[in-house]
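# Summary of the model geometry
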Amino acid sequence: MSKVNKIKKGLNINMLGAAEKIIKKADQAEFYAVKPTDFQGIRPKLVVKIGDKVKAGTPLFYDKFQPEVQFTSPVSGEVVEINRGERRVILEVVVRADAVIEYEEFIVGDPANLSREEIIKVLQKSGLWPAIRQRPYSTLANPNDTPKSIFISAFDSAPLAPDMDYVSKECTDCFQKGIDVLSKLTDGTIHLNLNAEYPAAETFTEAKGVQINKFTGPHPSGNVGVQINKVDPINKGDIVWYTYPQEIIAIGRFFEKGIYDATKIIALTGSEVKNPKYYKIINGASIKNLAAGNIDDGELRYISGNVLTGSKITGEGYVGYYDNQVTVIPEGNHHEFLGWATPGFKKATASRALFSSLLFGKKFRIDTNINGGPRAFVMSHEYNKVFPMDIYPVQLIKSIMIEDIDKMEQLGIYEVDEEDFALCEYVCTSKIEVQSIIRTGLDLMRKEMS
Amino acid sequence: MKSLRRYIDKIKPHFEKGGKFEILESTFEAFETFLFVSDEVTSKGTHIRDANDMKRTMAIVVLAVVPTVLFGMWNTGYHHFMATGQEGTMFEYFWLGFLRIFPIIVVSYVVGLGIEFAFAQGRGHAVNEGFLVSGILIPLIIPVDTPLWMVAVATAFAVVIGKEVFGGTGMNIMNPALTARAFLFFAYPSFMSGNSVWTHGMIAGEGIIDSYSGATPLAEAAAGNMDKLPSVAEMFIGNIPGSIGETSVLAILIGAAILLITGIASARIIISTFVGGIVMGLILNIFAVNAYMELPAYQHLLLGGFAFGAVFMATDPVSAAQTAKGKIIYGFLIGFLAVLIRVINPAFPEGVMLAILLMNVFAPLIDHYVIEGNIKKRLKRAKVKA
């Protein structure tokens, strides 16, 4: 049996609104979107225009830097909107779905008989290549690299995260097929990382061709970056690829059926959801149908993803490519009289500075107020308590702030991603935007190395 | 509260860019956020933020200091009455101390915050809450009869030279409160040392009875008068002469408990400072060539400003070492050096201030070596693989 990696530092934020284990099939959404902003480091080039008819699997745009990589429509229908942001950056390509979905047919074949190049080619065409990403930088995997290993985090430890065992358990065959495909892409090990705190689904425990690593401990134990750091840390020049169970299932299904079927299961969570449950949807769906009648009143924050790393969407927004959950929490745009001096029984904190820290196990309704204001770095021991890697977080952040490339490298920038610092950002009394600093550092580093 | 909020919203535009009182923008923001926690919401990164913030953190430190303030007020009155050969009630002691000490606190805050507000405005920053703590610590580490103008000058020196020239809160090398004390110590030594400065009224000298010496236990010990040291119980309770807030180990430990329970001060630093002091005390005991060196090691922790320095000064997160290992080394050396300076150096009866300031300067170096270790480990790992 593999040894259990115990993660000691970290934090589970106790929030209201975990999803009940019931999978509902949501009514098909009217609109679906692919968001170029979900993919780190790409420059999208459109291949469709408004009014074009597409099938599920028809390319919508490609990446200027890797033109072979297509980003395809998850449904068939008509391109109805191309939303742009500042400086005409493409934010969303929206497709109105047909009632019955038509699929592009791909000739796939049995992965066991295909070469690495053939597999890569067909994945790039299908729109599933972006499912595989790389560390460092968390960009799309580059097929010209040979990764030293592939990591799969098969559990999500983020606040209110869906149970990946539960959402994957019906798809054991597809999962195995996906693993078989991945094994063609690397000569190294495929690491499948499980949570040792409960028995994992057979989908994972019975998987062949993988090395199973077990982890215990609070969030971020489910973050793939933390797992890599514990099992086989990234050194300068190393490239590790990573992906997640639902993406692997989609790859497996693609090789099974020869079509881009982007079905996945997401959890609708958060304190403002009346009945938090799991939903079977097609990737990129608008959440309008899920939200209808199931959300409390008030000013709300809709998040595709979890509260730490997800992206803000509207009540009719779209589920992100990599996201397995949608979270709805109250907005916190209200003043509080002498709020810093209240005993704080109702406010969640990782510190022991509020009385709520005495209420073990209490679940909180947390809003989006930043609870203070931005300040200079003062408290030096907060980040260490929630950052389990063998890296000095404050020093790394400071080296990024002064753009010292050598120091960033020495302090371990290759091993980290924004999401690994999300808890640092959450606990920060100085309210520093840690994740965006880390992203700046990663971008800087990538530019320097290319 | 709603009407107050409405009033603030009404006058707010005057203080924003382009308003009549634009120059007071930072000041207005400081007072506004003091009254009402901001309605700002997360815009990027995490969607939720911990309920703890800098205001609450600093408020808890101030709360932790309060027992020493109250005890210092009582102790001031107690010693004044004793020195003049009078009897008084507990309330009279306290009231006299309050009348002496409250103005010092006010001067420290007004001068310090005034400068902080001005710098914040100049830099276009929000006002940092750090001075709320420094402002109460400065009065506690000086003798009670320090003239108010000296308090003002020292505070200004500490904030400008000790903090703002380095870039403000979070950037300073040395503890601002100790910088203020060091300034006074070297600029006006006659008000900061000797036997007559510790008790209210002794510098003026009126009505002081002959049998009252006013000497601190440290001065007695340095002079070799070990028989004149107060009892251990007195040193612990703190009814002995000394700087305003440093005498009562009991009050300081209450503060330490608050800081440690809330997790705001580093237990590593506090404990390692005490350990450092004991180790040096024991080393001195081994050699024991004079009476002072024979003093039981644990009594060093009760004497002078040791406990106060360990709990409230060494733990300043900005000027202390930042890494976990570094904190242990930093704290240990503070305790170690404080006792060494105190016993061996004839020029300084107390060594805590100098030990902490010295280690403040060395803290970045300690961190540098701790982090260098981490960097080497990473390089080695890469080489083994290659």
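The structure displayed is predicted, hence computed values, not measured ones. (Residues numbered from 1 in each chain as written. Chains lettered and ligands numbered in written order. Predicted model: local features only at pLDDT ≥ 70, side-chain atom pairs only at ≥ 80, totals over all residues.)

### Focus on the overall build of chain B
Counting its regular elements, chain B contains 16 helices and one strand. Taking 2.2 N^0.38 as the reference for a compact globule, 386 residues should give roughly 21 Å; the C-alpha atoms of chain B span a radius of gyration of 23 Å, in line with that estimate. At a minimum sequence separation of 6, the contacts of chain B that also span at least 24 residues come to 70%. (Helix = DSSP H or I, 4+ residues; strand = E, 2+ residues; numbered from the N terminus. Rg over C-alpha atoms; globule rule 2.2 N^0.38 Å. Contact = placed C-beta atoms within 7 Å.)

### As for the overall build of chain A
A tally of helices and strands in chain A yields 12 helices and 20 strands. C-alpha atoms of chain A, sized along the principal axes, occupy 65 × 50 × 50 Å. Burial analysis of chain A (450 residues in total) assigns 55% to the buried set. Long-range contacts, defined here as pairs at least 24 residues apart, represent 69% of the contacts in chain A between residues at least 6 apart. (Buried ≥ 20, exposed ≤ 12 C-beta atoms within 10 Å, placed from the backbone.)

### Remarks on the interface of chain A and chain B
Of the residues lining the interface, 62 residues belong to chain A; the matching set on chain B comes to 51 residues. When residues of the side of chain A that touches chain B are traced back to their parent elements, those giving at least two are β17 (300–304), β20 (336–337), α9 (393–401), α11 (422–427) and α12 (434–449) of chain A. Here the element with the most residues in the side of chain A that touches chain B is α11 of chain A; it accounts for four residues. Class assignment of the residues belonging to the side of chain A that touches chain B gives a composition of 27 nonpolar, 25 polar and 10 charged. Pairing analysis gives two bridges linking β20 of chain A to strand β1 (residues 36–37) of chain B, with the strands arranged antiparallel. Among the inter-strand pairings, Glu336 of chain A is bridged to a residue of β1 of chain B, identified as Val37 of chain B. (Nonpolar A, V, L, I, M, F, W, Y, C, P; charged D, E, K, R; others polar. Pairing = 2+ DSSP bridges.)

### Quick word on the environment of Ala347 of chain B
You can see Ala347 of chain B is positioned in the loop between α15 (324–344) and α16 (352–385). With 125 residues separating them in the primary sequence, Ala347 of chain B and Ala222 of chain B have C-alpha atoms 9.9 Å apart.

### As for the nonpolar core
Tyr330 and Ile356 of chain B are the most contacted members of the largest nonpolar core, which totals 228 residues. A total of 12 residues in this core trace back to one element, the largest contributor, which is α15 of chain B. Mapped onto the domain boundaries, this core takes at least three residues apiece from domain 1 (4–257) and domain 2 (370–449) of chain A. (Core = buried A, V, L, I, M, F, W, Y, C linked by C-beta atoms within 7 Å. Domains from an automatic or database assignment.)

### Brief notes about the domain arrangement of chain A
All names here are of chain A. When its domains are assigned, chain A resolves into domain 1 (4–257) and domain 2 (370–449). Centre-to-centre, using C-alpha coordinates, domain 1 lies 26 Å away from domain 2. Facing 20 residues of domain 1, the contacting portion of domain 2 comprises 16 residues. Per-element tally for the side of domain 1 that touches domain 2: the top contributor is helix α5 (residues 224–231), with four residues.

### Notes on the sheet that holds strand β5 (residues 53–54) of chain A
Residue and element names in this part refer to chain A. Taken together, four strands build an open sheet; the order of strands is β3-β9-β8-β5 and the sheet is antiparallel. Pairing within the sheet leaves two strands with one partner each, and these edge strands are β3 (31–34) and β5. Where β3 and strand β9 (residues 90–97) come together, four bridges link them in antiparallel fashion. Bridging across to β9, Tyr32 finds its partner in Val95.

### Examining the sheet that holds strand β11 (residues 149–153) of chain A
Residue and element names in this part refer to chain A. What the six strands build is an open sheet, ordered β1-β13-β12-β11-β14-β10; its pairing is mixed. Either end of the sheet is taken by a strand with one partner, and the two such strands are β1 (4–6) and β10 (133–135). For this sheet the average axis-to-axis angle between neighbouring strands, irrespective of direction, equals 30°. The pairing of strand β12 (residues 189–195) with strand β13 (residues 211–216) spans five bridges and is parallel. (Axes fitted to C-alpha atoms, helices over the stretch in contact; angles between N-to-C directions.)

### Looking at helix α3 (residues 172–183) of chain A
Residue and element names in this part refer to chain A. Along its 12 residues, α3 runs 17 Å from first to last C-alpha, staying within 8% of the 16 Å computed at 1.5 Å per residue. All buried positions along α3 are accounted for by Cys174, Phe175, Lys177, Gly178, Ile179, Val181 and Leu182. Buried-residue contacts for α3 involve α1 (116–126), β11, α2 (164–168), β12, α4 (202–205) and α6 (245–257). (Expected span 1.5 Å × (residues − 1).)

### Brief notes about unusual backbone geometry
Residue and element names in this part refer to chain A. Between Arg135 and the following residue, Pro136, the backbone shows a cis peptide bond with an omega angle of -5°. Of note, Pro136 is situated in the loop between β10 and β11. Residue Pro220 is bonded to the preceding His219 through a cis peptide linkage, with omega at 15°. In this fold, Pro220 is placed in the loop between β13 and α5.

### Some points on the packing of helix α5 (residues 130–140) of chain B against helix α7 (residues 176–187) of chain B
Residue and element names in this part refer to chain B. At a minimum axis separation of 8 Å, α5 and α7 run at an interaxial angle of 35°. In the packing of α5 onto α7, the handedness of the crossing is right-handed. Each of Ser134, Leu137 and Ile138 in α5 lies in contact with α7, whose residues at this interface are Pro176, Ala177 and Ala180. Here the residues of the contact of α5 with α7 sort into five nonpolar, one polar and no charged. (Left-handed = near helix turned anticlockwise from the far one by under 90°.)

### Side note on α6 of chain A
Residues and elements named next belong to chain A. Between its first and last C-alpha, α6 extends 18 Å over 13 residues, near the 18 Å set by a 1.5 Å rise per residue. Among the 13 residues of α6, 11 are classified as buried, and the element is accordingly described as predominantly covered. Residues Pro245, Gln246, Glu247, Ile248, Ile249, Ala250, Ile251, Gly252, Arg253, Phe254 and Phe255 constitute the buried set of α6. Buried-residue contacts for α6 involve α1, β11, α2, α3, β14 (240–243) and β15 (263–269).

### Regarding the packing of α9 of chain A against α12 of chain A
Residues and elements named next belong to chain A. One can describe the packing of α9 onto α12 by two numbers: an axis separation of 9 Å at closest approach and a directional angle of 60°. Comparing the axis directions of α9 and α12 gives the class oblique. Regarding α9 and α12, the two cross each other, and that crossing is left-handed. Residues Ile397, Ile400 and Met401 of α9 touch α12, and the partners they reach there are Val434, Ile437, Ile438, Thr440 and Gly441. (Parallel < 35°, antiparallel > 145°, perpendicular 65-115°, else oblique.)

### Overview of the pairing of β17 of chain A
All names here are of chain A. Of all five residues in β17, five are buried, a share of seventy percent or more. The two faces of β17 match: Leu300, Tyr302 and Ser304 on one face and Arg301 and Ile303 on the other face are all buried. Judged from the five bridges that link them, β17 and strand β19 (residues 325–330) form a sheet pairing that is antiparallel. Paired with Tyr302 across the two strands is Val328, which belongs to β19. Both β17 and strand β18 (residues 311–313) contribute to a ladder of three bridges, which runs antiparallel. Its bridge partner lying in β18, Ser304 is registered against Ser311. Connecting β17 to the antiparallel partner β18 that follows it, the hairpin turn spans six residues, and Gly305 within it adopts a positive phi of roughly 110°.

### Notes on the environment of Leu24 of chain B
Residue and element names in this part refer to chain B. For Leu24, the location among the structural elements is in the loop between α1 (2–15) and α2 (25–35). The partly exposed category is assigned to Leu24, around which 16 C-beta atoms lie within 10 Å. Between the C-alpha atom of Leu24 and that of Ala118, which follows or precedes it by 94 residues, the distance is 8.6 Å.

### Topic: the pairing of β11 of chain A
Residue and element names in this part refer to chain A. The buried fraction of β11 is high, at five of five residues. Judged by which residues are buried, β11 turns out to be covered on both faces: Ser149, Phe151 and Ser153 on one side and Ile150 and Ile152 on the other are all buried. One ladder, built from five bridges, connects β11 with β12; its direction is parallel. Its bridge partner being in β12, Ser153 is matched across the sheet by Asn193. Where β11 and β14 come together, four bridges link them in parallel fashion. Bridge pairing in β14 places Ile150 opposite Trp241.

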